[in-house]
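The residues making up each chain are set out below.
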Amino acid sequence: MPLRLPDKLPAIDLLKQENIFVMDETRAHSQQIRPLRIVILNLMPMKVTTETDLIRLLSNTPLQMEIYFMKLKSHTSKNTPIEHMMMFYRDSEELMKQKFDGMIVTGAPVETIPYENVDYWKEFNQIVDWARHSVQSTLYLCWGAMAALYHFYGIPKHQLPMKKFGIFKTYPIDERLPIFRGFDDMFYMPHSRHTEVRETDIDKVDDLNIIASSPEAGVSIVSSRHGRDFYILGHLEYAPDTLDNEYRRDLGKCDDVALPQHYYRDDDPKRGFKVSWRSAANLFYSNWINYYVYQETPYNIGDIR
């Protein structure tokens with residue numbers, strides 16, 4: 001929660017330089033409090049699992065939030081009961097008539113398909129274009145990140161010889177950014193992808209900034225528009241057993257999948273996995289909500305519906 005301090009207190013400017021959220025009395029009395037509105041475009045096949053993973057992280061803040069789930073009109077999920085979709089999801093066409101404080105666009109199991117051949121590519125483009133003027137800040141995850149980078153900036157994806165699979169050391173490029181408040185010099189991030197985007201392509205675009213990178217996994221987090229958009233190439237939202245489930249699912253079925261790196265104790269699935277990314281995940285999502293969604297939301301306009 002923000003610190004509420006007297007107007008013009010000298011400490012306010014000093015604390016802001018340390019990324020401490022402070023609110024002077026003028027703003028405290030003038031803002032109209034309402035729940036933050038977060039919309040999730042869930043493109044993953046196992047939607048209930050992804051919903052649970054994201055809500056777990058979003059709940060790690062005392063701020064009130066209203067969560068909306070968006071579904072595509074151009075694609076029907078085959079792995080989630082239609083009753084679940086009808087009860088909890090709304091069509092993109094309906095939600096795009098509204099405005100939201102934050103948005104999360106998930107990954108999708110279509111990495112090896114050219115973007116233009118994905119059956120919902122046109123609708124995806126319409127949604128992310130809408131988000132640019134109707135959402136305060138957006139998180140794009142894995143395929144969602146690569147697809148958005150391609151759509152907005154023409155950044156290509158490159159096929160990997162082997163699936164990037166495991167938990168990898170990741171380093172913030174600029175630890176002063178509010179999104180990294182409370183982070184250590186190094187954190188861990190799960191990756192599970194067959195393709196990558198490359199630093200050489202991203203460096204050609206002035207609006208894009210690589211803000212976290214991994215010696216083994218490469219580009220990890222990219223930002224644009226001063227934090228209005230974040231592109232996360234990994235899966236901080238993954239539950240402890242997700243990589244284990246993926247490995248056992250694909251074992252013997254996929255040629256480019258090996259044992260997930262730095263995940264099992266002594267690289268032995270029989271010894272179980274170790275969780276090393278949970279604290280970074282909670283910090284990242286809390287910082288996103290607190291600094292890029294809540295603080296930047298124009299509360300003086302009242303209800304943004």
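This text follows the structure it describes.
Below: a short report on this structure. Note that this is a predicted model, so its numbers are computed, not measured. (Residues numbered from 1 in each chain as written. Predicted model: local features only at pLDDT ≥ 70, side-chain atom pairs only at ≥ 80, totals over all residues. Heavy atoms only, no water.)

Re unusual backbone geometry
Reasoning step 1: Positioned with a positive phi, H262 is a non-glycine residue whose angle comes to about 55°.
Reasoning step 2: Inspection of the secondary structure assignment puts H262 in the loop between helix 9 (242-250) and helix 10 (278-294).
Reasoning step 3: The class of H262 is partly exposed, set by a relative accessible area of 36%.
Reasoning step 4: A positive phi angle is found at D267, which is not glycine, with a value near 55°.
Reasoning step 5: Structurally, D267 is set in the loop between helix 9 and helix 10.
Reasoning step 6: The class for D267 is partly exposed, based on a relative accessible area of 47%. (Helix = DSSP H or I, 4+ residues; strand = E, 2+ residues; numbered from the N terminus. Buried < 20%, exposed > 50% of the residue type's maximum accessible area, 1.4 Å probe, protein only.)

What about the packing of aromatic side chains?
Reasoning step 1: Under the definition given, this model contains 23 aromatic pairs.
Reasoning step 2: Ring centres of F100 and W130 lie 6.0 Å apart, and the angle between their planes is 75°; this geometry places the pair in the edge-to-face category. Of the two residues, F100 is situated in strand 6 (residues 100-105) and W130 in helix 6 (residues 121-134); the sequence distance between them amounts to 30 residues.
Reasoning step 3: Relative to Y150, the ring of W121 lies with its centre 6.0 Å away and its plane at 45°, an arrangement referred to as tilted. Of this pair, W121 sits in helix 6 while Y150 sits in helix 7 (residues 143-153), and the two are 29 residues apart along the sequence. (Phe/Tyr/Trp six-rings, centres within 6.5 Å; stacked < 30°, edge-to-face > 60°.)

Overview of the layout of surface pockets
Reasoning step 1: Quantified by volume, the largest pocket comes out at close to 690 Å³.
Reasoning step 2: Together, 28 residues line the largest pocket, and M44, P109, Y238, E246 and R249 are the ones closest to its centre.
Reasoning step 3: Those elements that place two or more of their residues in the lining of the largest pocket are helix 3 (47-58), strand 9 (187-196) and helix 9.
Reasoning step 4: Considering each element in turn, the lining of the largest pocket owes the most residues, 5 residues, to helix 9.
Reasoning step 5: Partitioning the lining of the largest pocket into residue classes produces 12 nonpolar, 8 polar and 8 charged. (1 Å grid on protein atoms, 1.4 Å probe; cavity = no way out; pocket = protein on both sides within 12 Å on 5 of 7 lines; lining within 4 Å. Points joined across faces, edges and corners; volume = space filled by probe spheres on them. Nonpolar A, V, L, I, M, F, W, Y, C, P; charged D, E, K, R; others polar.)

Notes on the sheet that holds strand 3 (residues 36-41)
Reasoning step 1: Strand order in the open sheet formed by 10 strands is 5-4-3-6-7-12-11-10-8-9, with mixed pairing between adjacent strands. Looking at the sheet topology across the chains shown, the edges are occupied by strand 5 (89-91) and strand 9. Averaged over all adjacent pairs, the angle separating strand axes in this sheet is 30°, with direction ignored.
Reasoning step 2: Direction of pairing for strand 3 relative to strand 6: parallel, over a ladder of 4 bridges. Looking at strand 6, one finds that I40 is bridged to I104. (Pairing = 2+ DSSP bridges. Axes fitted to C-alpha atoms, helices over the stretch in contact; angles between N-to-C directions.)

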